[in-house]
There are 2 protein chains.
Amino acid sequence: MKNIAILGSTGSIGTQTLDIVRENKELKITSLAVDSNITLLETQIREFMPNLVCVYQEEKAKQLKDNIKDLTVKVVTGMEGLIACAIEQDTDTVVTAMVGMIGIRPTIEAIKAGKNIALANKETLVTAGHIIMPLIKEKKVSLLPVDSEHSAIFQSLNGEDKKKAFKILLTASGGPFRGKKQSELNNIAPKDALKHPNWSMGRKITIDSATMVNKGLEVLEAAWLFDMDLDKIQVVVHPQSIIHSMVEYVDGSIIAQMGVPDMKLPIQYALFYPSRLPLSQGERVDFAKLKQLTFEEPDMDTFFGLRLAYEAGGFGGSMPTVYNAANEWAVAAFLEGRIKFLEIPALIREAMKQHQLIDNPSLNEILNTEQQTYDFVRGYTESGALKL
Amino acid sequence: MKNIAILGSTGSIGTQTLDIVRENKELKITSLAVDSNITLLETQIREFMPNLVCVYQEEKAKQLKDNIKDLTVKVVTGMEGLIACAIEQDTDTVVTAMVGMIGIRPTIEAIKAGKNIALANKETLVTAGHIIMPLIKEKKVSLLPVDSEHSAIFQSLNGEDKKKAFKILLTASGGPFRGKKQSELNNIAPKDALKHPNWSMGRKITIDSATMVNKGLEVLEAAWLFDMDLDKIQVVVHPQSIIHSMVEYVDGSIIAQMGVPDMKLPIQYALFYPSRLPLSQGERVDFAKLKQLTFEEPDMDTFFGLRLAYEAGGFGGSMPTVYNAANEWAVAAFLEGRIKFLEIPALIREAMKQHQLIDNPSLNEILNTEQQTYDFVRGYTESGALKL
């Protein structure tokens, strides 16, 4: 029996994780945490009967308590509640599937409490990799990536001497605007950017795919996860999303992991590693039907949010936090119709320009940098200074 | 220091193995064996100074002895000499790079003498897999494939639970006549069939690629090497020869090994496994330049030699020996202009039809079946009974 906590259980990764738990009797849910969707959470509680749930928003937490008076499950709230879910005593593995930097503190506390991490919250490593990775080693817990690309890299390193890895080839679908130039992207509406060609995902990550900032975050995440220099992480645009990523070795040999674009595959892999379970109802790749796999270089002039990730990673320290926080704010503003599509990377660029770098920032310094970045991009946008 | 014997040192695999030995000071040549090319062998002897060499043809062996009187290297001949090279006492690994069933006895004797095998002579496993594989286990030696496809499968199984392998996807370039129909293949001349689009190889294997009998032999070899049922080994035509083969797991995940088509990569891998060495002067795959990888189903109606391999493997016992021996004779006859291109698989089919199956044949029964098959196909061809 493996006991699982899911932080972010009503999102795309959360619900797909629960699909897998439903089909596997050896998995049990110990705790669930959500931001505010108490309707779906209540259904999940009644099906999976966790010991503990957290609703981040206090008002919603109170409502939920009223709604489930007939049950014994404990309801907690806020960051304190989220951390309580992350360190719930019976839990073996915490699936960190929340969106954004809110994941950092619960992830750190879970590791400190000796929990294994199935990592879907890439912001944690992007901003606090220098804190997380040594802690993982110290506490001897495992950190398994849930992102399909990082799962593919992990699988392509299986049984290999990591020191012989020469390069990571991180594949990218290129998103819905692949092949377009900046002039064609000026008047993109949120509904256009929310149409991802291959993957069904949450709204934030779908916009990040359209700007390729998601790929930038993945580059920064991969650097921490696989202890690889940024110049050894190359993005390869591969629109079919069949090759999920590759590792090239010193001898020129490349190991790749492929599959249909279905997040259940990497989620299940992270939960059952090192075993592989038959994927129920999972489609299989049929190469004769596929006919071809294609490849391109990423267009980092149009999608300059990707180039900015390499720059942020090159600075290191607090700069990736600025990159990520500016993007979080900008995506929310874009979805609300307050800024234009290309203003997302432009805001990241401006935020990075004005930031005073902190080397090796503490958790508090990371969280302060996040807040300062939010304040800066809000002010900058409202001042009308933002120009493309 | 690793001591290497090469059986078939003047062929394509043999000379490329020596290129690798030349560049790696930790490899030493202990013995070399050739059929008849004593000019090249003498150059090799003077460079690599082996303890022992075999020239299979007795007359040529005598000539060589005269030519290298100034050296202390011992010269032996015939099957006895070939076996002496295979079991030379200082040798750690025997590279079996001879063409055809002549490789069976030296390979068996090398294993019995506790040598590791770098297997490039696929006929050994195709015809005597039921003898070789248990012997490998018993003697606790390693058997590492040199064929690029089998090396790719081996690499794709690295660090994985073999029981979770669901299917082997064996890639095939399709050879120079991919896409052609039978009617277009009637008047193929040897020089046309000797033009392989991707790989630079010996004459026999190049013809086998054109008929796809080579892929048939590889299917049979893979079944033994990886203990996989034939119906779980699927040939995927992939004309660019970048993906060297793949393994699909029960969860739908596919691990693939890729590289430029260069035999030095799998040879070096077999010699240094589990380590990977930088490949000197080796080209690297550039996906943006490649642009695409394409896939097709094999046309087993036109290239029915491939289908016959599955049939031979389905019968098992002595039938794969008939498949292989009929093909060996037919390819030689085709290269000499005595039969037509499509008569190669037709002769295999006729030889298989008339054969009285022997289950679990002994080494002698295998060698007798080989001789009987040669006699049958020669007689059948000379009688004029061969019709397409």
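Data block above holds the structure.
Residues numbered from 1 in each chain as written. Chains lettered and ligands numbered in written order. Predicted model: local features only at pLDDT ≥ 70, side-chain atom pairs only at ≥ 80, totals over all residues. Heavy atoms only, no water.

1. A look at the environment of Met98(B)
Residue and element names in this part refer to chain B. Heads up, the condition is: Only DSSP runs of H or I covering at least 4 residues are called helices, and only runs of E covering at least 2 are called strands; the numbering of each starts at the N terminus. Buried means the residue's accessible area, taken with a 1.4 Å probe over protein chains only, is under 20% of the maximum for its type, while exposed means over 50%, and partly exposed covers the values in between. Contacts are assigned to residue pairs with any non-hydrogen atoms lying within 4.5 Å of each other.
Along the chain, the position of Met 98 falls in the loop between strand 5 (93–96) and helix 5 (104–112). The buried category is assigned to Met 98, whose relative accessible area is 10%. It is 23 Å that separates the C-alpha atoms of Met 98 and Pro 197, two residues lying 99 residues apart in sequence. When neighbours within four sequence positions are excluded, Met 98 is seen to be in contact with Leu 7, Gly 8, Leu 82, Gly 103, Pro 106 and Asn 121.

2. Topic: the packing of helix 4 (residues 78–86) of chain B against helix 5 of chain B
Residue and element names in this part refer to chain B. Our working rule: Where helices are involved, their axes are fitted lines through C-alpha atoms of the stretch in contact, as for all axes, and angles between N-to-C directions lie from 0 to 180°. A crossing counts as left-handed when the near helix is turned anticlockwise from the far one by less than a right angle, and as right-handed when that turn is clockwise.
Axis separation between helix 4 and helix 5 bottoms out at 8 Å; the angle between their running directions is 35 degrees. Like other packed secondary-structure pairs, helix 4 and helix 5 cross with a definite hand, here right-handed. Facing helix 4, whose interface residues are Met 79, Leu 82, Ile 83 and Ala 86, helix 5 presents Arg 105, Pro 106, Glu 109 and Ala 110.

3. Some thoughts on the relation of the copies chain B and chain A
Applied cut-off: In superposing the copies, a least-squares fit is computed on C-alpha atoms, taking residues whose pLDDT is at least 70 in both.
Each copy superposes on the other: chain B lies on chain A with an RMSD of 0.0 Å after a rotation of 180 degrees and an axial shift of 0.0 Å. The two molecules are tied by a two-fold rotation axis, judged by turn and shift. Ranked by how close their C-alpha atoms come to the rotation axis, the residues of chain B are headed by Gly159(B), at 1.9 Å. Mapped onto chain A, 100% of the interface residues of chain B again fall at the interface, so both copies present the same surface.

4. Quick notes on helix 7 (residues 148–157) of chain A
Residue and element names in this part refer to chain A. Of all the ten residues making up helix 7, ten are buried; the element is thus mostly covered by neighbouring parts of the structure. Of the positions making up helix 7, those classed as buried are Ser 148, Glu 149, His 150, Ser 151, Ala 152, Ile 153, Phe 154, Gln 155, Ser 156 and Leu 157. Phi turns positive one or two residues past the end of helix 7, at Gly 159, with a value near 75 degrees.

5. Notes on the sheet that holds strand 10 (residues 243–249) of chain B
Strand pairing in a sheet relies on backbone hydrogen bonds, with the paired strands running either antiparallel or parallel. Heads up, the condition is: Strand pairing is assigned whenever DSSP identifies at least 2 bridges connecting the two strands.
Ordered by their spatial adjacency, eight strands build an open sheet running 9(A)-8(A)-10(A)-11(A)-11(B)-10(B)-8(B)-9(B), and the pairing between neighbours is mixed. The sheet is open, and its two borders are formed by strand 9 (233–237) of chain A together with strand 9 (233–237) of chain B, each paired with just one other strand. Across the sheet, the mean angle separating the axes of adjacent strands is 20 degrees when strand polarity is ignored. Judged from the five bridges that link them, strand 8 (residues 165–172) of chain A and strand 9 of chain A form a sheet pairing that is parallel. Pairing of Leu169(A) across the sheet is with Gln234(A), part of strand 9 of chain A. With respect to the sheet, helix 7 of chain A is in contact with strand 8, strand 10 (243–249) and strand 11 (254–258) of chain A together with strand 11 (254–258) of chain B, its orientation differing from that of strand 10 of chain A by roughly 40 degrees. Where helix 7 (residues 148–156) of chain B meets the sheet, its contacts fall on strand 11 of chain A together with strand 8 (165–172), strand 10 and strand 11 of chain B, and the angle it forms with strand 10 of chain B comes to roughly 40 degrees.

6. Here's the deal with the side chain of Thr211(B)
Residues and elements named next belong to chain B. What counts, and what does not: Polar contacts, as counted here, are pairs of nitrogen or oxygen atoms within 3.5 Å of one another; within protein the pair requires one atom able to donate a hydrogen and one able to accept it, and residues that are adjacent in sequence qualify only if both atoms are side-chain atoms.
Along the chain, the position of Thr 211 falls in helix 9 (residues 203–211). Using a relative accessible area of 3% as the deciding quantity, one classes Thr 211 as buried. Only 3.1 Å separates the side chain of Thr 211 from the backbone nitrogen of Val 213, close enough to count as a polar contact. Excluding its chain neighbours within four sequence positions, the residues that come into contact with Thr 211 are Phe 303, Phe 341 and Ile 344.

7. Side note on the packing of aromatic side chains
Given two aromatic rings, one states the distance between the centres and the angle between the planes to describe the pair. The condition is simple: Two aromatic rings from Phe, Tyr or Trp, using only the six-membered ring of Trp, form a pair when their centres are within 6.5 Å; if the ring planes differ by under 30 degrees the pair is stacked, by over 60 it is edge-to-face, and anything between is tilted. Throughout this description, the term charge over a ring refers to an Arg CZ or Lys NZ atom that lies within 6 Å of the ring centre and within 35 degrees of the ring normal.
Summed over the entire model, instances satisfying the criterion amount to 14 aromatic pairs over all chains. Each ring, one from Phe334(B) and one from Phe341(B), has its centre 5.7 Å from the other, and the planes form 65 degrees; the classification is edge-to-face. Both residues of the pair, Phe334(B) and Phe341(B), count as buried. Taken together through their ring pairs, the aromatic side chains of Phe154(A), Tyr269(A) and Tyr273(A) make up a single cluster. The ring of Tyr249(A) has Arg276(B) lying over it, and the distance from NZ or CZ to the ring centre is 4.6 Å. Here the guanidinium or amino end of Arg284(B) rests over the ring plane of Phe166(A), the centre of that ring lying 4.0 Å away.

8. Points about the pairing of strand 4 (residues 74–77) of chain B
As judged from the four bridges shared by strand 3 (residues 52–55) of chain B and strand 4 of chain B, these two strands associate in the parallel manner. Across the sheet, residue Val55(B) finds its bridge partner in strand 4 of chain B, namely Thr77(B).

9. Description of the interface of chain B and chain A
Selection criterion: Two parts lose some accessible area (1.4 Å probe) when they are put together, and adding that loss for both gives the buried area. Salt-bridge detection follows one rule: a side-chain nitrogen of Lys or Arg within 4 Å of a carboxyl oxygen of Asp or Glu. Residue polarity follows a fixed list, in which Ala, Val, Leu, Ile, Met, Phe, Trp, Tyr, Cys and Pro are nonpolar, Asp, Glu, Lys and Arg are charged, and the others, Gly among them, are polar.
If you look at the interface, chain B gives 41 residues, while chain A gives 41 residues. For the pair chain B and chain A, the summed buried surface comes to about 3600 Å²; carbon and sulfur atoms form 54% of the total. Contact with chain A buries area across many residues of chain B, yet Asp251(B), Arg276(B) and Arg284(B) alone supply 21% of it, more than any other trio. Between Arg284(A) and Glu248(B) there is a salt bridge whose closest N-O contact spans 2.5 Å. Remark: the boundary between chain B and chain A carries 28 residue pairs in polar contact (both at pLDDT 80 or more). Among the elements that line the side of chain B that touches chain A, the one with the most residues is strand 11 of chain B, at five residues. Residue composition of the side of chain B that touches chain A, grouped by class: 21 nonpolar, eleven polar and nine charged.

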